[in-house]
Amino acid sequence: MKRRQILAAAGVGIAAGALVGCKEEAGAADASKPAAEAKTFNWKMVTSWPKNFPGVGVGAERFAKLVEQMSNGRLKIKVYAAGELVPALEVFDAVSRGTAEMGHGAPYYWKGKVPAAQFFCALPFGPNAQEMNAWLHYGGGIQLWEEVYKPYGVLPMACGATGVQTAGWFNKEINSVDDLKGLKMRTPGLGGEVLTKVGGTVVNMPAGEIFTALQTGTIDATEWIGPYNDQALGLHKAAKYYYTPGWQEPNVTFELDINLKAWETLPADLQAIVRAAARDVNGDMLDDYNAKNMESMEQLKKDGVDVRRLPDEVLAKLKEVSAEVVDATAAADPAAQKVWEQQKAYLARLYEYAEANEKDIYAIR
């Protein structure tokens with residue numbers, strides 16, 4: 001009996017020891033878990049914008065601050081203005097090759113490398129911001145965008161929108177289509193292709209160069225974004241006429257570019273934070289533009305700016321040519337064709353809804 005008691009006691013001791021060992025191992029594992037989660041990341045973001053530029057530049061800065069706050073400092077992003085680390089129009093390349101983990105720009109800036117990119121950005125006489133967002137987030141657009149960018153090692157996300165832009169600033173009156181012939185204008189994307197087809201000449205340049213080019217006659221006209229940004233650049237001091245509506249860009253969607261290899265190093269919670277911050281800025285920037293464009297246009301009119309509407313004849317011709325240019329651009333690149341076919345079908349449904357519902361309320365109110 002005594003021997004059995006001793007053996008039983010020993011068994012209890014062994015079991016207890018095993019339990020203690022398990023707890024110690026679990027404790028060691030738990031102790032290592034917070035250490036892994038607490039790892040910090042210091043990333044660079046290159047942008048296409050002048051430092052602290054209203055709207056787009058401020059939006060990029062806001063994104064970085066949101067990520068740092070929501071991650072409790074675990075992901076810090078240093079934002080570089082255009083030209084500080086790479087030129088304004090080389091953001092995509094910098095992210096693709098890993099010079100920076102992130103970038104913020106407009107997809108049509110790299111159409112020479114990725115022709116399909118501009119279909120995620122702006123289409124002449126195309127979708128407004130709400131329609132583009134619906135297609136991207138609920139109509140399969142994001143999945144196509146990721147597919148197009150994957151070979152370049154880049155993950156895209158929508159991160160800002162302008163809403164309907166203006167047609168731009170001109171140093172000559174536009175009374176007919178013939179007035180567009182020989183016109184030297186800074187305008188990117190598919191809108192620029194349309195201008196070229198009606199006899200104009202496109203000159204591409206970043207924001208920081210536009211005022212001087214317009215003032216010195218290097219260009220005859222320019223469009224940038226809208227009253228908010230145009231006023232900040234001082235374009236009203238370099239041109240005589242301000243034309244509407246922004247046929248070439250009913251909206252521009254800006255993108256957050258992320259180097260795929262860098263993205264894969266982030267834990268799931270930080271990836272979720274990045275996505276949430278991008279969605280937040282995407283909506284907030286549009287709100288900012290709607291509010292500030294109104295205020296700036298009011299001030300420009302008070303300052304005596306000659307605001308005019310493009311003649312119906314001109315808009316009708318531009319619309320006709322736009323349809324030809326968009327179809328031809330898509331047909332020239334397999335990826336662009338795939339995107340356009342899917343996008344066109346989805347946008348047709350959105351347009352039908354807007355025609356039946358939204359158009360009437362705008363007209364009657």
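So, how was this worked out
Residues numbered from 1 in each chain as written. Predicted model: local features only at pLDDT ≥ 70, side-chain atom pairs only at ≥ 80, totals over all residues. Heavy atoms only, no water. Phe/Tyr/Trp six-rings, centres within 6.5 Å; stacked < 30°, edge-to-face > 60°. Helix = DSSP H or I, 4+ residues; strand = E, 2+ residues; numbered from the N terminus. Buried < 20%, exposed > 50% of the residue type's maximum accessible area, 1.4 Å probe, protein only. Salt bridge = Lys/Arg side-chain N within 4 Å of Asp/Glu carboxyl O. Pairing = 2+ DSSP bridges. Axes fitted to C-alpha atoms, helices over the stretch in contact; angles between N-to-C directions. Contact = heavy atoms within 4.5 Å. pLDDT = per-residue confidence, 0-100. UniProt positions renumbered as here; feature names shortened; annotations may be inferred. Expected span 1.5 Å × (residues − 1). Polar contact = N/O pair within 3.5 Å; in protein donor to acceptor, adjacent residues only side chain to side chain.

A. Spotlight on the packing of aromatic side chains. All chains considered together, the criterion is met by 17 aromatic pairs. Ring geometry for F92 versus Y149: centroids 5.0 Å apart, planes at 75°, classification edge-to-face. Of this pair, F92 sits in helix α3 (residues 91-97) while Y149 sits in helix α5 (residues 141-149), placing them 57 residues apart in sequence. When its relative accessible area of 1% is taken as the criterion, F92 is described as buried. Residue classification places Y149 among the buried residues on the basis of a relative accessible area of 0%.

B. Fine view of the pattern of salt bridges. Using the criterion set out here, one finds 15 salt bridges in the structure. Among the ionic pairs, K197 bridges to E324, the shortest N-O distance being 3.2 Å. Pair noted here: K197 is in helix α6 (residues 189-197) and E324 is in helix α11 (residues 312-331), with a separation of 127 residues, a long-range link. Connected through salt bridges with shared partners, the residues R62, D280 and D284 form a single ionic network.

C. Structural context of the sheet that holds strand β2 (residues 75-80). Taken in spatial order, the five strands of this open sheet run β2-β1-β3-β10-β4, and their pairing is mixed. Taken across any chain shown, the strands that pair with only one partner, and hence form the sheet edges, are β2 and β4 (154-161). Each neighbouring strand pair of the sheet contributes to a mean axis angle of 25°, computed without reference to strand direction. Relative to β2, strand β1 (residues 41-47) runs parallel, the two sharing six bridges. Its bridge partner being in β2, V46 is matched across the sheet by Y80. Strands β1, β2, β3 (102-105), β4 and β10 (253-259) of the sheet are contacted by helix α10 (residues 268-302), whose axis makes an angle of about 30° with β4.

D. Inspection of the pairing of β3 at higher detail. Judged by which residues are buried, β3 turns out to be covered on both faces: M102 and H104 on one side and G103 and G105 on the other are all buried. Relative to β3, β1 runs parallel, the two sharing three bridges. Bridge pairing in β3 places M45 opposite M102. As judged from the four bridges shared by β3 and β10, these two strands associate in the antiparallel manner. Counterpart to H104 in the pairing with β10 is L256.

E. Focus on the confidence of the model for the chain. Mean pLDDT over the chain: 92, with 90% of residues reaching 70 or higher. Note on residues 1-33: pLDDT is under 50 here. Beyond four places in sequence and across chains, it has zero contacts.

F. Summary view of the UniProt feature "binding site: Na(+)" (unreviewed entry) in the chain. Within the UniProt annotation, "binding site: Na(+)" (unreviewed entry) is assigned to W224. By secondary structure assignment, the location of W224 is in the loop between β8 (221-222) and α8 (227-233). Judged by its relative accessible area of 3%, W224 is buried. When sequence neighbours within four positions are dropped, the list of residues in contact with W224 reads W49, F53, Y109, Q165, R186, A207, I210, N229, D230, L233, L235 and E249.

G. Broad picture of α10. Along its 35 residues, α10 runs 51 Å from first to last C-alpha, staying within 8% of the 51 Å computed at 1.5 Å per residue. After α10 finishes, the residue G304 shows a positive phi value of roughly 90°.

H. Quick peek at the UniProt feature "binding site: substrate" (unreviewed entry) in the chain. Feature annotation in UniProt places "binding site: substrate" (unreviewed entry) on Q165, R186, E223 and E249, given in this structure's numbering. The annotated residues occupy 85 residues of the chain but converge on a single region, no pair of C-alpha atoms lying more than 14.4 Å apart. With respect to the helices and strands, the residue R186 is situated in strand β6 (residues 184-186). Among the residues examined, R186 registers a relative accessible area of 2% and is labelled buried. Separated by 3.3 Å, the side chain of R186 and the backbone oxygen of M205 make a polar contact. Along the polypeptide, E223 turns up in the loop between β8 and α8. The residues touching E223, leaving out its near neighbours within four places in the chain, are Q165, T166, A167, G168, M185, R186, T187, P188, Q248 and E249.

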